[in-house]
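# Structural features, examined
What follows is the residue order along each chain.
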Amino acid sequence: MLEFADHQYTGRLTLFAEVILPLAISKNYTYRVPLELNDAVAVGKRVVVQFGKSKLYTAIIKDITQVAPEKYQAKYLMEVLDDRPVVTQQQLDFWKWLADYYLCNTGEVMAAALPSALKLASETRIMLNPNGEIDRSVLHDKEFLIVDALDIQPILSVSDIVKLLGQKIVMPVLKSMFDKNIIHISEEVSERYKPRKRSYIRLNPLYDDADMRRELFAELERRAPKQADTLLAYIKLSREQKVISKNDLMEASGASTTVVKALTDKEIFYIEDKNVSRLYYEDFSESATFKLSDAQQVALDDLQQQFKEKEVILLHGVTSSGKTEIYIRLVEEAIQAGKQVLYLLPEIALTTHVIERLRKYFGNDIGVYHSRFNDNERVEVWQKVLNHEYKVVLGARSSVFLPFDNLGLVIVDEEHETSYKQFDPAPRYNARDAAIYLANRYRAKVLLGSATPSFESYFNARTQKFGLVELSERYGGVSLPEIEVVSITEEMKRKSMQSHFTSVLMRNTEVALANKEQVILFQNRRGYAPILICRVCAFTPRCINCDVSLTYHKSSSHLHCHYCGYKEESLSTCPACGSAHLEYKGFGTEKIEDELQVLLPDARIARMDLDSTRARNAYQTLLNDLEEKRIDILVGTQMVAKGLDFSDVTVIGIINADSLLKYPDYRANERSFQMLAQVSGRAGRRGKQGKVVIQTYNPQHRVIDQVIRNDYKELYLTEIDERKSFKYPPFYRIIQMDIKHKDAEKLYHQAEYLAVELRKHFGDRVIGPEYPLVSRIRNFYIKSIMLKFEKDGVSIVKVKAIIREVILQFQTTKLSKGCIIQPDVDPY
């Protein structure tokens, strides 16, 4: 790379820019820099380039050199979009590591990392052909509409025409018009990010003089009394606030836009448009203080001591032990040292809950970043981090991609959560592991926090790779909840079940409601009923795209596929035998909510699952309602297990623990313990001890007994021996390769070929190919190959290089046509 002061490339040098395109290509492309852009290019800036015949893309400059590519003639890059880099060198290095570690391409990492509003869209522009004669008599209705619209507005985008015609597919119409020489089509890159602007009003300085202002008032009162009232309202507002927006003035005075425009036309007011924040919490500022308990202070002192020697520490604290207060103290220290902090949380639901607590301490110094923000909001946070306006960033897994430059502390709360793992699309990264690498690049410290740590983190702590601090008592001396296990089988024999609720759970729920307390019920399945089945012929409706049965959702009266989103109307008769005897089997959160309304008609019941929280502010609304006691019973999936902290929740009901314990996965016991312990931990977090009722067909199960005793160490010691014997993490690394094809027979041959090639290098470390639990999704059949590698004595870097070579070699064969290969490193 060329080194020049301030990264400026001056003079008549012929420069070439290696760029990262947001595409799944294995090599970066190099473009020639036009001489007039020599001074504008710099590493980390966005540029517009043409790739392929006509497509335009936004690329990021990775390197600048004077060496032309050897194998092809470099095209000219077209435009530099930024005055300063939007991606730092540290980020580019991080992207490279992610691509290498997770067996994907840097372009795929770029596509995931950049907010979509920073990526330009190649958008087709439509205009009337200036050289064509239009005979309107031959136009059909849709063509006539488009021509009329182009008469009014000379250039329209495809999205404009979609709205105009009220249909999604418009390209056939446009092609027909193009063939008739009516329109001209071209490609143009359009910038998607638009700053939010607000109009601010200031008084002409001429009227700062009291005499001039009196004369003006007299004139306006005589000729335009509404304008006089508006001016008076402005003067009153100016005594209370320094800047006055147009909206503020119109609201205070009741004036219309016309009145304000008239005052502007007379040059009494000047209007200035300014960029303003879209972030609703930006102007929030409040201070708060708290005192650590003795146990918290001991844990904090231990953390500070261990951070002198360890880069990563695991804080293993029971639920409600006050880990958040310890995090806050460490964040304060990092800010005082002039460092930035990244605070990761596994769920957006938890993010909205925790931000309310943290804003009390850090006010405007804290920013939030997650996928529920719209494109423009995400860009705004990105730019504020780039400009050092945020000292703390709190967010979900995508926050690791933000442009930090002085990171001092990374906190990964609930570090065991599977939500930190990205499954689709690539990069299939784990944000916890990526954050540890990211912190290492900045020489920052990492704190992993959990009441039920992942076995990998706990293993690393016990083997001295990580530090370990334990917090074994709840804040304020509150006891852990009392846990009662109820046999569903016994209750059914005694006929004491009410629908899906045991008598014990119903009794405790009714007592809590009578005491004005709240209840959370956990059922890890959404929808109303998982299976609709014909009693006569056993027909079950299945997804047309996936090998799964459809789930009935009462709220929509449709059958839904939870894999591809397909839905169809519910059935009243069996399409196979014509019988009207259709039954719903199983139950989800919708059914639980529905039946509770019948059993407890006076209770205020709400549901928290993926379906009920799709709207932008749905999480926050639910949590606020629970906090302010507008909800008596909250029914939810695993969302309710993740860090929620409400003082009046005293009863937790786990409707069916067996659905967790019987899942066919080597992590089933670990995950079951984590889920049951975390859900249980939501009860009795202030004052009185809470109560947890676990309903199960197998009350004697070892994991349930360990949950009752809150004995994580026994669980770990029991499971870790099995992991070692059967070659699973943390002793072995796993790489899974999913091979997909729309033709089942071709998939069989492709998967066998790949397995044979991999065995040539890795022998019996290659397992499969096998069909996964769901063997067809979105019309793609799937087979999986698993590779297991020892952590000691095997170079994982060499292993991944060989895997890349095998995939590349396979892709050069005719056999690979139509095949998709998805490597997943550390898949679980």
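Nothing here was measured: the structure is a model prediction, and the numbers come from that model. Numbers given for residues are sequential positions, taken from 1 along each chain in its written order. It should be noted that, the model being predicted, local features are given only for residues of pLDDT at least 70 and side-chain atom pairs only at 80 or more, the latter also being counted only at that level, while totals for whole chains, interfaces and linings use all residues. No hydrogens and no water enter the side-chain calculation; it runs on all heavy atoms of the structure.

Our focus in this paragraph is the sheet that holds strand 28 (residues 649-654). The criterion for strand pairing is that DSSP finds at least two bridges linking the strands in question. Think of it this way: any DSSP run of H or I at least four residues long counts as a helix, any run of E at least two long counts as a strand, and we number them from the N terminus. Read from one edge of the open sheet, six strands run 19-29-28-20-27-26, paired in parallel fashion. Across the chains shown, the open sheet's two edge strands, defined by having one partner strand only, are strand 19 (482-487) and strand 26 (605-608). Recorded for the sheet is a direction-independent mean angle of 20° between the axes of neighbouring strands. Relative to strand 27 (residues 633-636), strand 26 runs parallel, the two sharing four bridges. Across the sheet, residue Ile605 finds its bridge partner in strand 27, namely Ile633. The contact rule is simple, with two residues in contact once any of their heavy atoms fall within 4.5 Å. Note on geometry: axes are lines fitted to C-alpha atoms, helical ones only across the stretch in contact, with angles between N-to-C directions running from 0 to 180 degrees. Of the strands in this sheet, strand 19, strand 20 (518-522), strand 27, strand 28 and strand 29 (691-696) are in contact with helix 17 (residues 503-514), which crosses strand 29 at around 155°. Against the sheet, helix 18 (residues 589-599) engages strand 20, strand 26 and strand 27, with an angle of about 175° to strand 26.

Glancing now at the environment of Arg607. When you line up the elements, Arg607 lands in strand 26. Using a relative accessible area of 13% as the deciding quantity, one classes Arg607 as buried. Taking the C-alpha atoms as reference, Arg607 lies 5.6 Å from Leu634; in sequence the two are 27 residues apart. We define a polar contact as two N or O atoms separated by no more than 3.5 Å, with the added condition that, inside protein, one atom must be a possible hydrogen donor and the other a possible acceptor, whereas residues neighbouring each other in sequence contribute only through side-chain atom pairs. Engagement of the side chain of Arg607 in a polar contact is seen with the side chain of Glu593, the distance being 2.8 Å. The classification of residues rests on relative accessible area computed with a 1.4 Å probe and restricted to protein chains. Under 20% of the type maximum is buried, over 50% is exposed, and intermediate values are partly exposed.

Orientation of helix 21 (residues 668-680) relative to helix 23 (residues 712-725), taken along the N-to-C sense of each, is 165°, at an axis distance of 10 Å. Relative to helix 23, helix 21 is oriented roughly antiparallel. In the packing of helix 21 onto helix 23, the handedness of the crossing is left-handed. Of helix 23, the residues touching helix 21 (which contributes Asn669, Glu670 and Phe673) are Tyr712, Leu715, Glu719 and Arg723. Oblique is the label for any angle not covered by the other classes, which are roughly parallel (under 35 degrees), roughly antiparallel (over 145) and roughly perpendicular (65 to 115). Crossings are classed by handedness, with left-handed meaning an anticlockwise turn of the near helix from the far one by less than a right angle and right-handed meaning a clockwise turn.

A few words now on helix 2 (residues 106-113). Those residues of helix 2 not exposed but buried are Thr106, Gly107, Val109, Met110 and Ala113. Seen along its axis, helix 2 keeps its buried residues to an arc of 155°; they face one direction. As used here, the arc belongs to the directions running from the helix axis to the C-beta atoms.

This paragraph deals with the packing of aromatic side chains. Only centres within 6.5 Å qualify two rings of Phe, Tyr or Trp (six-membered ring in Trp) as a pair; their planes then separate them into stacked at under 30 degrees, edge-to-face at over 60, and tilted for everything else. Inspection of every chain in the model, using the stated rule, returns 23 aromatic pairs. Pairing Phe455 with Tyr712 gives two aromatic rings, centres 6.2 Å apart and planes at 75°, and the pair type is edge-to-face. On the criterion of sequence distance, the pair formed by Phe455 in helix 15 (residues 455-462) and Tyr712 in helix 23 is long-range, its members being 257 residues apart. Like Phe455, the residue Tyr712 is buried in the burial classification. Among the aromatic residues, those joined into a ring-pair cluster are Phe94, Trp97, Tyr101, Tyr102, Phe401, Tyr429 and Tyr437. Over the aromatic face of Tyr728 sits the side chain of Lys788, whose NZ or CZ is 3.8 Å from the ring centroid. Any Lys NZ or Arg CZ that is within 6 Å of a ring centre and within 35 degrees of that ring's normal is treated as a charge sitting over the ring.

So far we have only geometry, and geometry alone does not tell us how the molecule works.
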